[in-house]
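Working through the structure, step by step
As a plain string of letters, each chain reads:
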Amino acid sequence: MNKDNGLKRSSRNLTISARITLTTILGIIVPLLIVLAMSWVFLHSMTSYFNFSSVTTNSYSMLNQIQWNQTMSSISNELISSDSEEVKYSKINGAVTPLENVGVKIYIEKDGKEFYSSANKSEIFSLANSIIPVNEAHNANYFGENGMVIINHAEGVNERYLVVAASSDYRVDDISARHLAQDFPSLVFSKTGLIFILIVLIFILSIIALSFITSKTISKPIKELAEGANEISKGNLDYEIDYESTNEIGQTVKAFNHMTGRLKQSLEKQSALEQSRKEMIAGVAHDLRTPLTSVKGYVEGLRDGIANTPEKQESYLKTIYSSTLTMERLLDDLLTISRLELGTIKLEPTETDVKSFLDDCAEEIGLELEKQDFDFEYINNCGDGVKVSLDVDRFARVITNIVANSIKYSRKDVKGKIVLDAQEYSKSIIISISDNGIGLDSDSLPRIFDTFYRADKARSKTSEGSGIGLSVCRQIVELHGGHIWATGAEGEGLTIHISLNKMI
């Protein structure tokens, strides 16, 4: 494994407490180093010198070294600038004049050719080599008692420069250092020094105290977050982190608890949906098996010659045809609900007269209910000219499914009755289809429009339905921008209400 990658990984694995401790230590050391460095510079240089931008002396000091660094940096920046050759030469000449005034020899070379020189190239390199051995291919930065030598390289887009500065008239004086060493004890043990030490100690203790408090307020909730995540990974979705705060960590904890709740709801919903699908498969299997068994039995009767008269044969064929229609409707419902859930069904709404549409529906419902020996009542209190936007074929399917559902769940000991009622309001119409069937309990009423839901506990004929017809109704109504709901009670029948917006 790469060593650098190992170090990076180790740094990422530092605990929050370790990071805060490290930050605290650095927060103490770095300011102290800066204060000491600035104090040293002030004591040794700033009381005598104030010009940092150019070299003013050939005697070594911290300030002198800063001046050299600044000067050589300015020369390099100018050389690789976009100025013309004449402008560059003029500016370089102005920059090196103060250096030459203190006995420094300057040589500048561009792409192997002389650009500026205080003297002959060989003379300047001989001077530099007499101070220290130099290699013009490498940078050098030497300050010593026998002189100073600086070699820099500057590289632009399409050009390369070599800058050489050398001087044998240079001094390194240690008097200031000895003076500082002599004065340091008196400085430290003076009142000013003691006050300075006291301030530094207070500064250090304050940082340590604040870091300790910060560590406690950060590491504790983060530890609780880690414990919460561990509990969730074990499947404990009831776990909740007890931490109240409006800061960033408090918001994170709140979001974490909310996420846990949403995850639990999602899993419960998924589990309920899976259970519904299992129940749907059982219902569909039964609904398909019943007509298939009927078809099979009557086909065998025809094949074996049991239906030996034209009347029996016609009766058998009618039963086979009716069973085939039942299977066709069931498969059509399955296909429709699948397309609705996938969003592939697109409505083709037209401006529809409510009264005419419901009159046609009532006529078809009446004929079907007459065959089923049901009573039928039709009430329409919508005025002439009331219009809604409908996909007529799709919405007729809604009415048909609701009526078929009422027929399916009628009571054996009571003659069935269905009432189709329409009422007009200022901005909407409400269509109601009521029956006197077995009804539903209050718990099942809100759920009968869920996909694959079957009110097993409320209805005695649960085996007769797959639980998809009313779901188709809900989705088609909602695609029309309407609303559908149910009212009723167990043993007292069921009423399905549909609200649609009028076209104004």
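Refer to the structure above for everything that follows.
Residues numbered from 1 in each chain as written. Predicted model: local features only at pLDDT ≥ 70, side-chain atom pairs only at ≥ 80, totals over all residues. Heavy atoms only, no water.

1. Describing a nonpolar patch on the surface
A grouping of Ile-25, Ile-29 and Leu-33 is seen on the molecular surface, where their side chains present a nonpolar patch of about 270 Å² in accessible area. The residue Ile-29 is located in helix α2 (residues 16-46) in this model. Overall, the relative accessible area of 41% leaves Ile-29 in the partly exposed class. (Patch = residues over 30% accessible without salt bridge, like charges linked within 9 Å, V, L, I, M, F, W, Y side chains within 5 Å. Areas by Shrake-Rupley, 256 points an atom, 1.4 Å probe, with all protein chains shown as cover. Salt bridge = Lys/Arg side-chain N within 4 Å of Asp/Glu carboxyl O. Helix = DSSP H or I, 4+ residues; strand = E, 2+ residues; numbered from the N terminus. Buried < 20%, exposed > 50% of the residue type's maximum accessible area, 1.4 Å probe, protein only.)

2. Some thoughts on the sheet that holds strand β1 (residues 105-110)
In spatial order, the strands read β2-β1-β5-β4-β3; together these five strands make up an open sheet with antiparallel pairing. The strands lining the two open edges of the sheet, one partner per strand, are β2 (113-117) and β3 (140-144). When the angles between neighbouring strand axes are averaged without regard to direction, this sheet yields 15°. In terms of strand pairing, β1 meets β2 through four bridges, oriented antiparallel. Bridged to Ile-108 within β2 is Tyr-116. Across the sheet, helix α4 (residues 85-101) is in contact with β1, β2 and β5 (160-167); its angle to β2 comes to roughly 50°. Packing against the sheet, helix α5 (residues 121-131) makes contact with β1, β2, β3, β4 (147-155) and β5, and its axis sits at approximately 60° to β5. (Pairing = 2+ DSSP bridges. Axes fitted to C-alpha atoms, helices over the stretch in contact; angles between N-to-C directions. Contact = heavy atoms within 4.5 Å.)

3. Details of the nonpolar core
Core analysis: the largest hydrophobic core is formed by 42 residues, its most contacted members being Phe-395, Ile-402 and Ile-498. By residue number, the principal contributor to this core is helix α10 (residues 354-371), which donates seven residues. Dropping the residues within four chain positions of it, Phe-395 is found in contact with Phe-357, Leu-390, Ile-431, Val-477, His-480, Ile-498 and Leu-500. Within the second largest apolar cluster, 22 residues are counted, among which are Val-55, Trp-68, Leu-99 and Ala-154. (Core = buried A, V, L, I, M, F, W, Y, C linked by side-chain atoms within 4.5 Å.)

4. What to know about the environment of Asn-158
Within the secondary structure, Asn-158 sits in the loop between β4 and β5. Sequence separation of Asn-158 and Ile-80 is 78 residues, and the distance between their C-alpha atoms is 9.3 Å.

5. Focus: the packing of helix α11 (residues 392-408) against helix α12 (residues 469-479)
Taken N-terminus to C-terminus, the directions of α11 and α12 make an angle of 150°; their axes are 9 Å apart at the nearest point. With respect to their mutual orientation, α11 and α12 come out roughly antiparallel. Relative to α12, α11 is oriented so that their crossing is left-handed. Contacts from Arg-394, Phe-395, Arg-397, Val-398, Asn-401, Ile-402 and Asn-405 of α11 reach α12 at Gly-469, Leu-470, Val-472, Cys-473, Ile-476 and Val-477. When its residues are assigned to classes, the contact of α11 with α12 shows eight nonpolar, three polar and two charged. (Parallel < 35°, antiparallel > 145°, perpendicular 65-115°, else oblique. Left-handed = near helix turned anticlockwise from the far one by under 90°. Nonpolar A, V, L, I, M, F, W, Y, C, P; charged D, E, K, R; others polar.)

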